[in-house]
Structures are given as structure tokens and as C-alpha cells.
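# Structural overview for review
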Amino acid sequence: MHPAISVICFTLFSGAGYGLLSFLCLDDLFDLNFNLSSARHMGLVVVALVLITVGLLASTLHLANPRNAWRAFFRFRTSWLSREGVFAVLLYPVALFWLFTLWGSDAGGSKVLAALTFLLCIATLFSTGMIYACLKTIRQWNTALTPTNYILLGFMLGSLVLVASGAGNVTIALIMVGAAALGKLIYYYWIGQPAGPTINSALGFTRATVRLLDVGHGEGNFLTEEFGYEVAKAKLIWLRLISIALAFLLPALLLLAFGATAGIPAMLCGFAGVFVERWLFFAEARHVVNLYHGAQAT
Amino acid sequence: MLEPMSPQLPKFEDHAAQTVKTTTCYMCACRCGIKVTLEGEKIRFIQGNPDHPINKGVLCAKGNAGIMKQMSPAKLTQPLIRKKGSERGSGEFEPISWDDALDLLTERLRHIRATDPRKLAYFTGRDQMQALTGFWASQFGTINWSAHGGFCSVNMAAGGLYMIGQSFWEFGDPDWEHAKYFMMWGVAEDHASNPIKIGIEKLKRRGSKFVSINPVRTGYQAVADEWIGIKPGTDGLLALSFAHVLLKNDLFDKDFLLRYTNGPQLVICAPGQANDGLLLRADATDDKSDTQVWSLKSQSIQPWSDVHCEPALFGEYQTADGVTVKTAMTLLAERYLSEEYAPQNIADKIGVDADTIERLALEMAHVAFRETVEIDTPWTDWAGREHKSFIGRPVAMHAMRGVSAHSNGFQTCRAIHLVQVLLGAIDCPGGHLAKPPFPRHLPPPIKPATEMAPNTPLSGPPLGFPTAPEDLAIDANGDPLRIDKAYSWEAPIANHGLMHMVIKNAVNEDPYAIDTLMLFMANMAWNSSMNTAQTQDMLRQKGEDGEYKIPFIVTCDAFNSEMVQYSDLVLPDTTYLERFDTISLLDRPISEPHSACDSIRQPILTPDRDVRPWQEVMLEVGARLGFPALVKDDGQPKYQGYQDFIVNWEKSPGIGFLSGYRGEHGEKSLVGEPNQNQWQDYIDNGCFFEYEIPPHQRYYRFANKDYLQWAKSVGFNGHDGPIVMELYSETLQKFKLAGQGLYDGPQPVKAVDKQRMAEYFDPMPFWYLPLEQQRISSEEYPFFAVNQRPMFMYHSWDSQNAWLRQIMAQNYLYMNRKRAESLGFTDLQWVWVESHNGKIKVQLKLMEGVNSDTVWTWNAIAKQRGAWGLSDNAPESTLGFLMNHLISETLPTDPATGDHSENKSNSDPITGQAAWYDLRVKISHAVASDAKTDEQSLPQFEPLKPLPGQAPSPEVMRYSAGRQVNLKRSFKDTILRGFK
Amino acid sequence: MKLGLVIDLDTCVGCHACAVACKQWNTSGTSGPLSDYEPYGAEPSGVWFNRIRHYEVDDYPNNKTINAPMSCMHCEDAACVTVCPTGASYKRPEDGIVLIDQDKCMGCNYCSWACPYGARELDRESGTMKKCTLCVDRIYDENLPEAERQPVCVLTCPSHARFFGDFDDPDSEVSKQVRQRSGYSMMPEQGYQPTNKYLPPRQQPAVETHKPRQVSREEHSAEDKPMAQIQRWIAQQLKRQA
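Residues numbered from 1 in each chain as written. Chains lettered and ligands numbered in written order. Predicted model: local features only at pLDDT ≥ 70, side-chain atom pairs only at ≥ 80, totals over all residues. Heavy atoms only, no water.

### Thoughts on helix α21 (residues 730-739) of chain B
Since one α-helical turn is 3.6 residues long, residues separated by three or four positions face the same way. Residue and element names in this part refer to chain B. The element α21 is extensively covered by neighbouring structure, given that ten of its ten residues are classed as buried. Taken together, the buried positions of α21 are occupied by Glu730, Thr731, Leu732, Gln733, Lys734, Phe735, Lys736, Leu737, Ala738 and Gly739. Looking at the packing, one finds that the buried side of α21 touches α13 (409-422) and α22 (751-760). (Buried < 20%, exposed > 50% of the residue type's maximum accessible area, 1.4 Å probe, protein only. Helix = DSSP H or I, 4+ residues; strand = E, 2+ residues; numbered from the N terminus. Contact = heavy atoms within 4.5 Å.)

Okay, here's the thing in C-alpha cells:
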């Protein structure tokens, strides 16, 4: 799949925002020992909302016809993209109300609203993951690991933002980094297993080798541009290593070695690593339509 | 059918704003009927006309892309003249008015016509009005005219017309309705586009077997039940091996041979004598007199026309004078029964295993003789014998370019016809059906014009059918009269001329210098020439006097082709949607086997440019020059333009360009007085005319009395006698005798001509290694190299078509995967391809479906930078390539004899057909680096300059004929629908 | 009704007529114009609803070339519709045609991701996704002759490799073809239940061969000599005469 920067930024920033917001809700609900002042708490909620908004705005850049973006809420019944939009939008008033209740209250905000905000964060992150996971056409995405990873990585980034802001909890961040790393490693192992349709099943000729002779659209088209994206195997391995190092190893090492003082570099590494991870998420995804363009398997 | 439009559907089409007109497609040579829906002045839709006999409603990719032809930014917009002082080929043009352009042209032509008419050479390419252009040339008085058949398929036309009185494509079709076995030889999309597709589907639906013989498995071969990936140029050997198997196993139709062929006719066996190999005749001095047979009844020699004498098919006999004679069939059997043609002895040469060869022959025999079809329609043969039904041998064949574009193509085509005749599968149900006006007598009784005089029309058409050396167009010294040397000793039966030799001969002033070269729809500066780069050089070559070797070049075309750039005067034509046209029975007929057909074009759109139909221009120039057929006694034009000419000009009384709706009120068909309403009558009938042949005249027409009488009555044939198929060609034997120095008439003088006559003019089909390959080391050049056009561009101008080029804008060199891997070649790598004539750099693509000794490419994809409205970086120019660079129009030096006679053209020695499939190449790795700059085909050419008035090509195109009516989904449905 | 196409791989010669006819009709049709980019430039491309790809099955010399036209399969379980957030993509309940309401599409590409068959292409100029409409703007149009109320790809196909009709009607041509010729779906494992079906290449018809002539003993010595064979024919014609 062609990695679109707008979509990468969307899931990266809004994911981090939802992660951050989730932790802030949890802290309000269960006191995770973040030791946040009301102002700080509110400030961080605003930061989370800004991250989310930046992400959502980035996602609209992906639209070829953004004039109709407002219609995206109508198919809540079947479309994960619509659901994500609905949750994302619902979250704003709820979170703002909650933010309002946080105002000047040392005891935290409305617990009901915090819980609601948290649930909406999870729902949105889950929906984002499901946008990809529900596609049977891309076996690298069509797995429960996808929403799991989206949630874990969002939480990880959120926890790193918290640590970087001088608040938060290094242990929680380390746990999140570990969990996210584990999730991602399982994912990489899983997509390495051959499965799914082949050029044979795609065409219905299963008794012999099938090869593409001519594609019938010599200079490419939307399909080859959107789905034909391919990166050299060696480059992919390097990028995976870079992403794992940046997203997981470096933040973990930095936090282990220097504690909260390394919060900012750990967060920056985390963002950079997840950016590469998101890029790979697209670049490594093999849409089945490629079978018709000559790929032997997905 | 579907329910009427559901009420919630909007009115999509604004039918009130639409008009529908019929006309004839011109996106290739197929000439399908089309229905064009116009919305205002824009084309909404071009579709096949369901009533049309050719395409019956279907339409190919090209036809469907007609809008983009009309939208092409490469359309010429105004007459142009090369700027004074600029060099030819530099692309410096300035506009000139039509009046000035025609004055200039007329004056030049007037001078030529008044002094030496042959100094005008007029050649046409994808011309669908050869009857008119040929008429014009003959009125002008130059014999230097032909169309593109010389590099297309003259081998097929000549091979058939000299053997069975018809041929493939425009001459005959497989009987798609009844054939149970279909063998297709060397056919890409060739001739014709839609009818073959329609036919193949019919065959397959009925469970008939389809065998394809072709080095490459693309196009039609994809759906063949069996693919025989033969080596190029060896088809003749395969056909003759089929003949061997059929004869050896006694599986041939003796009655058919006895009745309808010259198989029983007696051939004189007198080696070394002037009459050796000629047919025994009633009067040896009169070659029109009766041929003779051996009567088994009377045990004596009797005239062939004596149908009751019971002729012998085989045997050697003596005449009263003691001359030894054999039946033609005996000579044929002696030859083809020879072990030389046994499957096991040819298998390696052709790349097909012996068992397969034998099996295919036996399969055909089985179908022909054990699965006979019978149509219960009584008919009478020419001799009055009554038959209660038509017996069909349901084995059909089709063959085209893969056979014809070899220098052994004429004899190969004959070899294929021989197999058809042995099976009795000619013009019978399930066999190979002729299409009116065919079959014709062998060959059609038209001789090529040879005499020219100033200001005088030719006595006949420039092209014809020689039957003896006396008919050649040569002077007293035996030198060619024509600029292309057609009908000379170099190409005696060049029925379609040798367009591919015109430029070279003219530049070499061999046989003489010309003044003006006039080209219509022929891209001789690019893909229609062998040897493209050298041809461009020749077009701008100057003599010592500083004048161009070809002093004046006139091009008429609708598009900015490469040829335009090499012209001095450019006359812009209309597109096919902007003019009247006739597709005439006098020309290249569009008939179907069971109906005689012709058609017209009518303007659908009004030109938005300063362009004129070439037909009108020709007639105007002809009238200005005072062509007798075009002016009245007072010198005034006889006809008011093209439409008037078509209606009122008659070739002979009652016969004109259009055969339908003749007679005063359009009540007569085929023959009748001019009808002033004829165009409208055609338009009212969907722009075509179809005359159905009654059932009892539909088969065995070469011997069908009623058909033959009718064909004479409508002018198809000169007499109603039987059309006797000539398995043994006395015509060829006469040329052979001339080569042997035995002929009682003109004989060649040059050794090379003598050898050509003696060796290749064999009266019986035979196979020989293609001429170029005789002079090329197959070890040094291990690959055969051929090319074909893809279905969506076949026989069309439209490589630049905005829709079609999206399918393919770059061609590759295809090679057999296993073979490539054994040589270390990889998919998509760049390679050098080298022939004796040149070297090109191309990108390789590996495939399964190609003979392992063969490489091939799609031709005419490549374009010169800047031509056809394409940008300079179009893949057609940067990545695509022409194989033409590798092909020479002359043969390489003969390593055995050191013969480097420049004049020996790379053509079939009999017909002069350009032998562009004889090529052999070697292939080597090109650059090792991956640098993008290396990824370019070679040679590259300088970009052409834009023409004056040429609009820039759009970056984005959004063609639409009208407003769009969206089918809305209701808000309620959007909100409320669940998963289903 | 369940409208769709049957495509006969046994007769499809890969000529691209259907694809170009489709382009031609639909560029002025309900979801037109179908934009073309760099139509005369370095990378010509554009929006098409129907594309033909060419494949080779098995190795030389047993290879068979397959031409595979592909357009929207009008799936019964159309994931492209399920995933569409705006509701622009929908499947008509009346006839099962999957359509895109051009006024509602926001051009997010998501539906094209959900389609395994490459049936949806984004028009960058209009910013909307476009796809095969099964010529909904023809098939119900009473102003057209009845025989022409069909998708243009079917009308134009020179080798009659395309059939259009109602799969819910067991007597329709499409249903019959699928029954008689074992019509199949492409990539059925995706589970979208494509309506369009493909007919596999027919089995090669078996043709008997005439048994080579049995050679009798006395003839055997002379076998393979052309003259002997001709002598036999001469003898035969005399015998027949007698």
C-alpha cells in the first residue's frame, strides 16, 4: 500500500493524543500517581486534544473531496471509518465538559465524564485500528493485532508524552513500551507467515503456474499507484530494525538509564519510531489486487 | 429483458438533444458499420451497427476509441508548405491557403503530365479508396501508383488468386457456421478485426477445434485449443508435410481434384525444351485453347472440357507425337510423397514434433471425410451435372501476415491452399468460402498498364495480373518501367506494387529519377519503411546540384505523422467522421461469403479546421489537369464534387463505385443506371448495401452454373465458364522457362534474374529458406525476429490515441523465458539487438508463449519525439522502439557468392512482397548500470518541431458529450440501511 | 433481481474492446467525465471501469494465454459498501448494482482498499471514486432499442465473451451459462460473493484421427516410394473404370 503521509500523521498524532487523554482520564479516575496539578492536568488535556485535532485535520488532507467530509458520520452502522469519525467527534464535547469540571478542582473532574472520555478514546483508537483490520483484502492488516497495536502504540506515545511533560510515571511508560513492543513483534512474526490468496486463486487457475504477461495499463493507474507500492526487502528489514530501535529500544533504555529526565528524548524517539512503524504498516501491506498485477502471493 | 425504467431513476440521457447517424468505421481496415450518437456537436457514443453485415453490432477497441481520434491534438489544421530556404525534415513550415497550395500542385503536376507522366509517383498507405486513387493515377497517366499491399499481404492475395481464384480476408472467409476444424496460420489481429472474433466464438461454441500455428501465443492464439509454436518462415514446410501425410495415407478428395482443379490436366514433360512443363493444349500455339486430359473411357487424350470422358487423375501418357505427358496431379504426388516432406524429416526445421504434424493432418482428414456436412440444396455445376446437395468438408483455414511477410510467402500461401484443395475444403460448407466478387477466374483478366504518353490516361489500371513474361512492365532492354520495379524481372507478379522500394529507387535514380512523390496516409518516414533512419536520410538526400534527389514530396494526411515532417507540401485531410467515402466492390470488397456488400461514409461532424477530404482534392486537381474522365469537352469539370462523381461516373455501363440502389429510382442492384438519390438511399439503409446470394448459389461457386452466370451478369467475371483451381501453375512455369532460357518470349538477361526465375517460379508449391536467411549465419544471428500489432491498434493510425496508448505506450522485446534464463537474461533488462543491418537497444520481457528461437515485439508503438501530438518524453519515443531499424529493404551480401547487388530487394522473389519477417538477430546484454539515464531505447531521434497552428496537447482531459445526471442515493436510505 | 455479468474466458481474445467501449460510454455517462491524466505525455493514465489483463498459465510449451477482463463484480457482500463512511457507495436493493453517489463521495479511497478486484478508481479531478455502473444509464432506458439495453461492454464484445442478465432468474442466459459451463468466482475466499462469474476455458475438443492406412504385405516392399503409391492410384482408377 502506498504510505500516505497524511494518514500516517493522522494515526500517529491522534493515536498519541488518545493515549495521552486516556491516561489523563485514568489518572482522574484511579489516581495513577501522576501528581498533576489541576492546571497541568487541564493543560495536558488540551495538549491531547490538540494532538487529536492535528491528527484528524491531517486525515482530511487525504480526502480528494473534503467538501463531503461531513457526510462521513452517516454510515456509523457499518463503517469503521464512520464510527471512528463519530467517536472522535463525540469525544470533543465530552472531553471539553470533563475539562470544564477539572477547572480549579483539586479533586479532579467529573468521574462519569472522565470514564466516558476514556471509553471514547478507546473506542476511537479501536475504530482506527478496525478501519484497517476489517479489510480482508490486506491480510497484513486483517487481524486483531491491528487494533491491539493501534491501542498499545497510542497508549505508549501517550505515556511518553506524559513523562516528557514532567508528569506521568516512568514505570507505566516502560510497561507501555514493553507491551507495545511485544504486540508489534507478535505482529511482525504473524505477517511473516505465508497465507491468503495467490495469483492462482485470484484467477481461478490452480493447477499450474500463473504468470502475468501484460497488465493492460502500461503506464500505471490509480490501482498501481495506490496498491502497487513496493519497497526492497532489505530496505524493509532495515526500516523495521530502525523502527523497533526508535520506538521501543531507545525510549526504554533512556528511561531505564536516566528516568524521567530523559522523557523528552524518549518521547521524540517514540514518535519517530512509530512514524516509521506506521510507514511500514502501509508499505508492508500487500493488497490482493496486486495478484492481478503479477504478484504471486500476498 | 429488464423491467421498464423504475420511476425513481432519473432521465440520464437527453435524447431530445441527441441525433443518431450511421457511417463506416476507419479505425482500421476492417470497415465495420457504426452508429454514432451525437449530442449537439459532440460525439456521445460510437457503437457497432447491429444491422451491418461485417460486424453485426460489435465493435473493437479501436472503433470504440474513435472519439479520441477526433479529439487528437495531432490533427493537421491547415495546408502547410516547407519554409523557403529551410531544409527538408527540419520541420520548418508555414501555412499556405488551399488555393495557393492547389495552384502550386496543379502547375507542377501539369508540367509532369505534359512531359513525362511517370515522374509522378503516387503511393498510398492505409487507403480504403484504391479504386479512386488508382483511377486518378491512370487518368494522370502514370504507372507509378500502388497502395500498401506490397508490404502487407500481396503474397496472400497473389497466392490465392493464382491458385484458387480467391484468397483470405477480403477474398474469402472460413465458413464459421459449419466448420468443425479451424486452422489459423500466422495471424495476429490480421484481417479482419471483428469478423474473425465473431467467427472464432461461433466455432468454439459449437465445439469445433481451433488449431493455431504461430510462433507467438497472444491474441487469437490465446483461445486456440492447440497452439503450434512454429519457427517463423517454415509454415510452407508444415503445409507440405500435411500434404505428404494426406497423400501417403490416401486421404484426399480425388473427385474434387478431378472436377474442379487442373489436377487431371496433362503437363508436357520435355526437359530442356521450350514447352517443358506447359500444359498440353489442343493447339500448342494457342494458350487459350483447350487443355487436355487422359480419358480412361476412350484411353486417349481428350479435351478437359469433355466432362464425360472420365479423365485420369494419375498417370504418364504419350501423345500421338510421342511427347511424354503426365497429369498435374502425378507431378504433385511425386513431389509431395517424397520423404523430403515426411514429418520426421521436417520436424527439427520447423520446431514441431513429427507425431504432432502427422496427427494434425490425420485430424483434418478425419473431419473432412468422416464428419462431412451436407446442405440439402440442389444445384447444378457448370457442365450441367445436377447435385442434390452441397457436400461440405468442414475444415477451414485462415492465414495472413505470418505467412505473407516472408520471402517464401507466395509459395507458402500456395502450399496452404494445396492442403485445402486436397481436403476438398474450398467454397464448400464448413470450408473456405469466397466472398463476392470472388471467386474469379485465374488470375483476374487485368494486365498491368505498361504504356505511358504525355497528357494521356493509361489504357488500363496500373496494377494487374501478369500471366506470362510478355505482360511484364519492362522496356526493350528488360529494365523496369515502374519506379518500384513491380512487374519487372525483380518482382514479376507484384500485384500490389513494391511501395517499400519507391524511396530508395527514386533516390538512386534506379531505374530513373522522379519529380514528385505524392503520399496519402503512408508513414514512409517511420514505421511503414524498413530501415527507418536511412529512409529519413534518403528523403533529405541531395544530388551534386544541391537539389533533393526526390525534388518534391506531397503528403496528404489528417495527422501530424513523421512523414509530414519530410514533406514539401502538406495537404490536411479530414477525419473519417468528417467526409463522404465509398467502400466499393471495385476496390477492396467488404462482402460476406453469402452476400455482396459495399458501404459509404457520411460526415457526422463538420470540420473545425481548414481541411478538405482528399477525395475532393483529387477530383478537383484531376479536373484542373483536364483528366478526360473528369472534364467535359469544353474543359469544364464534369462532376460537381465527390458525391456527384460517385453517383454518375460509370466504369462500364451500369457499373459504378456503388453497387446498391442503382437504376433511376434505386430499384436495381449491382448493375443499373445512375441514381441521383443513391447517397440518401445508402444513408437510409444504414450506410451499407447488401445483396444476398440465393441458397443454391452459395457454395461451389467456382463451378456453380447459376452463380457463374449471375457473376458474369453483374460484371464480377468476364465469362461464365468454370473457375479451375490451378494446383499446377502454368503461369509460374512460363517464368521459370524464361529463367532457364527456354521460354519462347521475353527472357531475363541478368544472371541474378535468371536464377530467380529458374529457382523460385516453381509451378508447384515448395518451400525454401527465406532469402535473407540464405545469406545470414544462423549461428551468428540465432534468433528469428518478428513483430505484430496489438489488437487494440491493429492496422490503425492510433498509437497516439489518448485511450489506446493508456493500454500500451511502450513495447518490449519478448523472449522465451526458459531460453532467456539459459542465456542469463532477466525480465525487463536492457539488451542490444543486432541484425546484419543495424543495432537497437531495447527492453526485454520474458514470456512462455513464444517459440524458443524467436523474439518478437509489438510494432508501430514507437514514435519519433514530437510527432502525433505526443510530448517529447512520451514512452513511445523514449522507451519504445521500432524493429524496422534492423530490417533492410535490400538483401545482405551473399557470403557464398559475394553477391552484393544493391538492387536485390528484400522481397518475395515472385510477388515483391516486403519480407520484413525474415529477420534474424543476435542479442547481448546492454548496460550493467541501473542509472535511469541508461533506461532509454536506442536509436533516439531529434524531437520534431510543432507545426504552425498546432495547439498544445492537454495535461488533463475530461471528455464528456453533455451534462451528467447522478443517480442519487436517498438520505433516508443512507441513514437507515444496515449491512444489506 | 441480481444483475451482473458472465465473462467467458474460453472466447475472450483480450482485445480490450469492452474496456474502451466502457470508457467511451461512461465518460459521458452518469459518473463521467472519466479523467485522463497526461493523455499525450510521459505517463498516460486515467479512470477506467474495466481493465483487461493478460496471463500465461503453465510453462512453455504447455502454456496457455488467458485474457482476464475485470470490472466491478457487484458482490452480494460488498465490503466496499460496508466500509464507505459517507454512504456514497451503495448497493441498489432493486437489482444489486453497486453504485457510488457522486454527490456524496468524499474521495477517501477507503472503498477501493476494501475491493479485492481493483474495481474502483479515484478520479482526481472530481475527487470522487468511480466504478462500473453496469451501465445503469442504459439498461433501463426505454428510448434505446430493447436489444441495446445492455452494458456497452456486452454489446460491443466481438467474441461474445460477455453476458449480462439476472442471476436470480434461473432461466436467464447468465444463469444458464454458469450452470452449463461451471462458472466460477474470482478469489472466492475473500467471501464477498461476487455476482459476476467467469466461464473457464472449454476442454479441448477431441478429434479422432484417421488411422494411417494399413499396408498389405505385397505393398510393403514398395511402401514409401512415391512411384509405387502413384502406380496403385493408377491401378485403382483403371479398376474403377473397369
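### What to know about the sheet that holds strand β3 (residues 45-46) of chain C
The strand order across the open sheet formed by three strands is β35(B)-β2(C)-β3(C), and the pairing between neighbours is antiparallel. Strands at the two margins of the open sheet, each flanked by one partner only, are β35 (956-957) of chain B together with β3 of chain C. Where β35 of chain B lies against strand β2 (residues 36-37) of chain C, two bridges are found, and the strand directions are antiparallel. By the bridge assignment for β2 of chain C, Val956 of chain B is matched with Tyr37 of chain C. (Pairing = 2+ DSSP bridges.)

### Overview of the pairing of strand β16 (residues 324-327) of chain B
All names here are of chain B. Where strand β12 (residues 266-268) meets β16, three bridges bridge the pair, whose relative direction is antiparallel. Bridge pairing links Leu266 to Thr327 in β16. Across three bridges, the pairing between strand β15 (residues 316-318) and β16 is antiparallel. In the sheet register, Tyr317 faces β16, and the bridge partner there is Val325.

### What about the environment of Asp479 of chain B?
Residue placement: Asp479 of chain B occurs in the loop between β22 (432-434) and α14 (499-507). Spatially, the C-alpha atom of Asp479 of chain B lies 9.3 Å from that of Pro748 of chain B, the residues being 269 residues apart in sequence.

### Observations regarding the interface of chain B and chain A
Listed per partner, the contact involves 21 residues of chain B and twelve residues of chain A. For the pair chain B and chain A, the number of links is two salt bridges. With a closest N to O distance of 3.2 Å, Glu848 of chain B and Arg211 of chain A form a salt bridge. At the boundary of chain B and chain A, one finds ten residue pairs in polar contact (both at pLDDT 80 or more). Here the side of chain B that touches chain A gets five residues from one element, more than from any other, and that element is helix α27 (residues 971-976) of chain B. Its residues assigned to classes, the side of chain B that touches chain A comprises ten nonpolar, five polar and six charged. (Salt bridge = Lys/Arg side-chain N within 4 Å of Asp/Glu carboxyl O. Polar contact = N/O pair within 3.5 Å; in protein donor to acceptor, adjacent residues only side chain to side chain. Nonpolar A, V, L, I, M, F, W, Y, C, P; charged D, E, K, R; others polar.)

### Description of the interface of chain C and chain B
Between chain C and chain B, the contact holds 109 residues from the first and 124 residues from the second. On inspection of chain C and its partner chain B, the count reaches five salt bridges. We note a salt bridge from Arg958 of chain B to Asp123 of chain C, for which the minimum N-O separation is 3.6 Å. Our enumeration of links across chain C and chain B arrives at 49 residue pairs in polar contact (both at pLDDT 80 or more). By residue number, the principal contributor to the side of chain C that touches chain B is helix α8 (residues 226-241) of chain C, which donates eleven residues. Per-class residue counts for the side of chain C that touches chain B are 43 nonpolar, 34 polar and 32 charged.

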